[in-house]
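Letter by letter, the chains look like this.
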Amino acid sequence: EQLYLQGEMSRGVLACVTCHGDGGNSIIPVNPSLAHQPYEYLVKQLHDFRAKDEKSLPSRRGPEGANSLMTAIAAGMTEEDMKNVAFYLSQQPVNWDQAANATKEDTMERGQKIWRGGLPERGVPACAACHSPDGAGMPGQYPRLAGQHPGYIVEQLKLFRSSDRANSAEMHDIADRMSDADIAAVSDFAAGLR
Ligand code: HEM
Ligand code: HEM
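Given the structure is predicted, the values throughout are model-derived calculations rather than measurements.

Q: How do you make sense of the nonpolar core when you look at a structure like this?
A: What tends to happen in soluble globular proteins is that the nonpolar side chains get buried as a cluster. Judged by nonpolar contacts, the single largest core of 21 residues is most densely connected at I114, W115, L157, M178, V186, A190 and L193. Elements with a contribution of two residues or more to this core: α6 (108-117), α8 (150-162), α9 (169-176) and α10 (180-191). Each residue touching V186, except ones within four places of it in the same chain, is listed here: G111, I114, W115, C127, L157 and M178. Y41, F49, M70 and A86 belong to the second-largest nonpolar core, a separate cluster that totals 19 residues.

Structure (structure tokens):
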């Protein structure tokens, strides 16, 4: 909790709360909400952001292979820091009063179809199978998408598709078979799940 609130300046770790909000409930649309994400998922992401050395690229980057904002922060964290902050966040409740929501009435039906049934003609499985029907995620490495900022979900699907976020082969294959319109529709729908 202390690291979350104050960071660790001597190692270049900025205070998480500035960007990810109270208890991981981010109110800034480009910054993901982290509250109540599965512990293992959070630890894995922090590892995947970290630049190991100049030759081995980190497996989670921003657009066009640029460093993510998180690359330098994760690089300054110790194994203990990652576990502690991930545990703290996994125990925080989602603040549903300020969580993101769906806003696009016209693509709702399409989004729901993809969420529940995937796109069988293109080999896209149902998102609900891994992220759970209510979008809450599953213990282990399956993140919550319910209440997540829709713009962030869109961005991550595009990063999986381009392999700039190269830390999940299954999500790459899924995103690779979706059009921009599919991505926009399912992201908005997922954000609105409760
Ligand atoms: C993403 C943790 C500080 C901005 C993430 C993710 C985690 C995380 C686990 C991945 C979320 C997911 O996959 O759903 C932390 C921790 C911090 C911290 C533990 C403090 C030690 C910050 C700060 C900023 C920031 C200070 C803003 C300057 C972001 C952004 C993303 C992100 C923009 C999305 C990254 C991308 O798409 O490449 N953070 N964060 N974080 N964080 Fe942080
Ligand atoms: C991660 C969306 C289907 C397994 C993610 C993330 C998004 C997403 C946006 C990143 C979340 C974040 O950064 O916080 C979707 C959508 C799906 C879908 C819209 C349906 C079209 C699936 C399926 C599986 C799956 C069917 C299992 C076979 C995973 C896993 C991760 C993940 C394991 C974590 C990857 C990592 O370690 O970085 N998904 N997903 N997803 N998804 Fe999916």
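Q: Looking at this structure, I do not really get the site of ligand 1. What am I missing?
A: Taken together, 22 residues surround ligand 1, and among them C16, C19, H20, Y41 and M70 come closest. At a separation of 2.5 Å, an oxygen atom of ligand 1 approaches a polar side-chain atom of Y41. Counting residues per element, the ones that place at least two in the shell around ligand 1 are α2 (16-20), α3 (39-49), α4 (69-75) and α8. Residue contributions to the shell around ligand 1 peak at five residues, all from α3.

Calculation notes
Residues numbered from 1 in each chain as written. Chains lettered and ligands numbered in written order. Predicted model: local features only at pLDDT ≥ 70, side-chain atom pairs only at ≥ 80, totals over all residues. Heavy atoms only, no water. Core = buried A, V, L, I, M, F, W, Y, C linked by side-chain atoms within 4.5 Å. Buried < 20%, exposed > 50% of the residue type's maximum accessible area, 1.4 Å probe, protein only. Helix = DSSP H or I, 4+ residues; strand = E, 2+ residues; numbered from the N terminus. Contact = heavy atoms within 4.5 Å. Near = heavy atom within 4 Å. Polar contact = N/O pair within 3.5 Å; in protein donor to acceptor, adjacent residues only side chain to side chain.

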